[in-house]
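Listed below, chain by chain, are the residues.
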Amino acid sequence: MSEPVAVTQGRNYIGGRWVESASGRMLESLDPATGEVLGLVPDSTAEDVDRAMRAGADAWPRWRATPAPRRAEILYRAAELLVRRKEDLARLMTREMGKILPETRGDVQEAIDMTYFIAGEGRRLHGYTTPSEMPRKAAYCLRAPLGVVGVITPWNFPMAIPSWKITPALVCGNTVVFKPAPETPLVAAAYVALLEEAGVPQGVLNLVTGGDEAGAALVDHPGVALISFTGSTEVGLQVAARCAARGVRVSLEMGGKNAAIVLDDADLDLVADALTWSAFGTTGQRCTACSRIVVTPRVHDAVVDRLAGRAGRLRVGSGLDAQTEMGPLVSERQRERVERYVGIGHREGVRVAVGGERLTTAGFERGFFYAPTILDGVRPQMRVAQEEIFGPVVGVIDCTSLDEAFEIVNGVRYGLSASIFTRDISAAMRAIEEIRTGIVYVNHGTIGAEVHLPFGGTRQTGNGHREGGLQVLDVFTEWKSVYIDYSGRLQRAQIDRD
Ligand code: UN1
């Protein structure tokens, strides 16, 4: 038996205490499979955010002075607690977010992987030494923390994505104010409670739940050193503009419109497995989800038939049921968005190969279910081929050459992930070269990034930063270059050359 999850409902966590919102206003957290209310959490205001920011600022000097290997010890303990509580956390996550249990276990596992990986940085955090151009002068550079950082996360990976941001922020010596998505505050609270139990000192990590008001107050707070944001491109660009106006650093992970190319020589059984998972895993609510399949005419019908067969047979239902293969959308709002896009597709002249409707059969009445949907006859410039839908909808687009396929894949404003299915090594190598996304897969779908490689995208998927990998350290630290002159005289760089 695993231990019970220490979920703290209905409170913010500020300065080491679980406290009410100053306003007393609350938000509901719903189970998307049943519509049932799971909890009430503070709908925080600017005042709550300000308290959390002050707590973070007060805690910073001590945390910054704590040696990084000691900071990392707390993270190792957190990883061990995550391992022990994995099943309970996954169940809570399935209830609050809707995705099926194997996937919520994967989400917790991703947090475990990230926490172990980044805790290792406590004994590395490498800078480098390098010769100076002058004699008797030492030169090296090191990483310095930023201060109090603001972390704003989405609901689709309620534990993995917070861990991608919070664990590197902490190991690097920053303090954190964490504002999770309003759809998944209970998982966020459970995660923060676990970090508290692991020994994160008071004020080093603060949680404020809420919606737009809390998010805006964090972005606009004069004390915030960095905003690390994952969410929609629309909101992310506003965050970036507000931060730019004050010269605040910002790291953005935003939308995707990920494509898979299927060539004539592809293994079509593998394609069916991989793309069913990529398009309908997490009910299509991944920023890496496959939402365009670019096919050659010879395999077009075979790909559509196989995928439509698989999609039509997917068992849709509560994520807690072991038989279920696809859960609900996270909210009625997301379901309406999917419906709107399928309507747009109809007007643009696509053919619905399978799905294209809400599921309202017995047992589905109150949940936010939608059928796995394949749109055929999609053309590259259609809105359904250009805009992120974030649901279980994938469009099939024809191409007649490899170059045209690359043009289609690259012809969107996003650049997160892409894949190619082929046995031809030259075609695969050309895809790696020509596709302008942050992640490229060969003979694999578009989802499934691992924590120790950089994660992020080009163009409007991001702003050049990467999470995961060692690259994430560049988000949460500032480089400091150090020169120590022990010659005992003035040596002018670039001028005194003899
Ligand atoms: C996201 O959808 O925001 O590569 C993250 C993947 C997962 C992470 C997705 N490891 O699909």
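These numbers come from a predicted model, not from an experiment.

Asks: Please provide a residue-by-residue account of the overall build of the protein, values included.
Replies: Counting its regular elements, the protein contains 14 helices and 21 strands. What you see for the protein is a C-alpha radius of gyration of 24 Å, in line with the 23 Å of a compact globule of 498 residues. Along the first, second and third principal axes, the C-alpha set of the protein runs to 80 × 60 × 45 Å. Burial status across the protein gives 58% buried among its 498 residues. In the protein, 74% of the contacts between residues at least 6 apart in sequence involve partners at least 24 apart. Surface accessibility of the protein: about 20,400 Å² in total, with carbon and sulfur atoms responsible for 50%. One finds the centroid of the 55 positive side-chain charges in the protein at a distance of 5 Å from the centroid of its 61 negative side-chain charges.

Asks: For the nonpolar core, give the residues involved together with the corresponding values.
Replies: In this structure, Leu82, Met159, Ile166, Val176 and Phe178 are the most contacted members of the largest nonpolar core, which totals 68 residues. In terms of residues, this core owes the most to one element, helix H2 (residues 68-97), which gives 11 residues. Taken domain by domain, the makeup of this core includes at least three residues from each of domain 1 (8-254 + 462-481) and domain 2 (258-442). Once you skip the residues sitting within four places of it in the chain, Leu82 turns out to touch Leu89, Val108, Ala111, Ile112, Thr115, Met159, Tyr191 and Leu194. One finds Leu268, Ile293, Val303 and Met326 within the second-largest nonpolar core, a separate group that totals 31 residues.

Asks: Now, about the pattern of salt bridges: what can you tell me, with residues and values included?
Replies: As enumerated under the stated definition, the model contains 30 salt bridges in all. Residues Asp107 and Lys99 are paired through a salt bridge, measuring 2.8 Å at the closest nitrogen-oxygen approach. Among the residues examined, Lys99 registers a relative accessible area of 2% and is labelled buried. Connected via shared salt-bridge partners are Glu332, Arg335, Glu339 and Arg358.

Asks: Please set out empty space enclosed by the protein residue by residue, giving values where relevant.
Replies: Across all of its chains, the model carries five cavities of 30 Å³ or more by this definition. Approximately 80 Å³ is the volume found for the largest cavity. Along its surface, the largest cavity is lined by 13 residues, and Gly284, Ala289, Ser291, Ile389 and Phe390 are the ones closest to its centre. A breakdown of the residues in the lining of the largest cavity according to their chemical character gives six nonpolar, five polar and two charged.

Asks: Hey, could you go over helix H6 (residues 212-220) for me, with residue numbers and the actual values?
Replies: Those residues of H6 that fall on the buried side of the exposure criterion are Ala214, Gly215, Ala217, Leu218 and Val219. Of the surrounding secondary structure, the elements contacted by the buried residues of H6 are helix H1 (46-65), strand S7 (148-152), strand S8 (175-179), strand S10 (226-230) and helix H7 (233-246).

Asks: So what's going on with the packing of H6 against H7? Which residues, and what values?
Replies: At their nearest, the axes of H6 and H7 sit 9 Å apart, and the two run at 30° to each other. Considered as vectors, H6 and H7 are oriented roughly parallel to each other. Across the interface between the two elements, Ala216, Val219 and Asp220 from H6 touch Val239, Arg242, Cys243 and Arg246 from H7. Classifying every residue of the contact of H6 with H7 gives four nonpolar, no polar and three charged.

Asks: Explain the domain arrangement of the protein residue by residue, including any values.
Replies: Splitting the protein by domain gives domain 1 (8-254 + 462-481) and domain 2 (258-442). Counting residues at the interface gives 23 residues for domain 1 and 25 residues for domain 2. Overall, the association of domain 1 and domain 2 removes approximately 2,000 Å² of surface from exposure, summing both partners, and the carbon and sulfur fraction of that is 61%. Among the ionic pairs, Arg413 bridges to Glu234, the shortest N-O distance being 3.0 Å. Our count for the domain 1 to domain 2 interface comes out at six residue pairs in polar contact (both at pLDDT 80 or more). Contributions of two or more residues to the side of domain 1 that touches domain 2 are made by H2, helix H3 (101-119) and H7. The biggest single contributor to the side of domain 1 that touches domain 2 is H2, with four residues.

Asks: Run through the layout of surface pockets, naming residues and quoting values.
Replies: Put simply, the largest pocket is a space of about 1,100 Å³. Mapped onto the lining of the largest pocket, the elements with two or more residues apiece are H6, S10, H7 and helix H10 (332-348). The leading source of residues in the lining of the largest pocket is H10, at six residues. Two domains share the lining of the largest pocket, each providing at least three of its residues, namely domain 1 (8-254 + 462-481) and domain 2 (258-442). Glu110, Phe157, Arg286, Gly448 and Ala449 are, among the 21 residues lining the second largest pocket, the residues nearest its centre.

About the criteria used
- Residues numbered from 1 in each chain as written.
- Predicted model: local features only at pLDDT ≥ 70, side-chain atom pairs only at ≥ 80, totals over all residues.
- Heavy atoms only, no water.
- Helix = DSSP H or I, 4+ residues; strand = E, 2+ residues; numbered from the N terminus.
- Rg over C-alpha atoms; globule rule 2.2 N^0.38 Å.
- Buried < 20%, exposed > 50% of the residue type's maximum accessible area, 1.4 Å probe, protein only.
- Contact = heavy atoms within 4.5 Å.
- Areas by Shrake-Rupley, 256 points an atom, 1.4 Å probe, with all protein chains shown as cover.
- Lys, Arg positive; Asp, Glu negative; His and termini not counted.
- Charge placed at Lys NZ, Arg CZ, Asp CG, Glu CD.
- Core = buried A, V, L, I, M, F, W, Y, C linked by side-chain atoms within 4.5 Å.
- Domains from an automatic or database assignment.
- Salt bridge = Lys/Arg side-chain N within 4 Å of Asp/Glu carboxyl O.
- 1 Å grid on protein atoms, 1.4 Å probe; cavity = no way out; pocket = protein on both sides within 12 Å on 5 of 7 lines; lining within 4 Å.
- Points joined across faces, edges and corners; volume = space filled by probe spheres on them.
- Nonpolar A, V, L, I, M, F, W, Y, C, P; charged D, E, K, R; others polar.
- Axes fitted to C-alpha atoms, helices over the stretch in contact; angles between N-to-C directions.
- Parallel < 35°, antiparallel > 145°, perpendicular 65-115°, else oblique.
- Buried area = accessible area lost by both parts, 1.4 Å probe.
- Polar contact = N/O pair within 3.5 Å; in protein donor to acceptor, adjacent residues only side chain to side chain.

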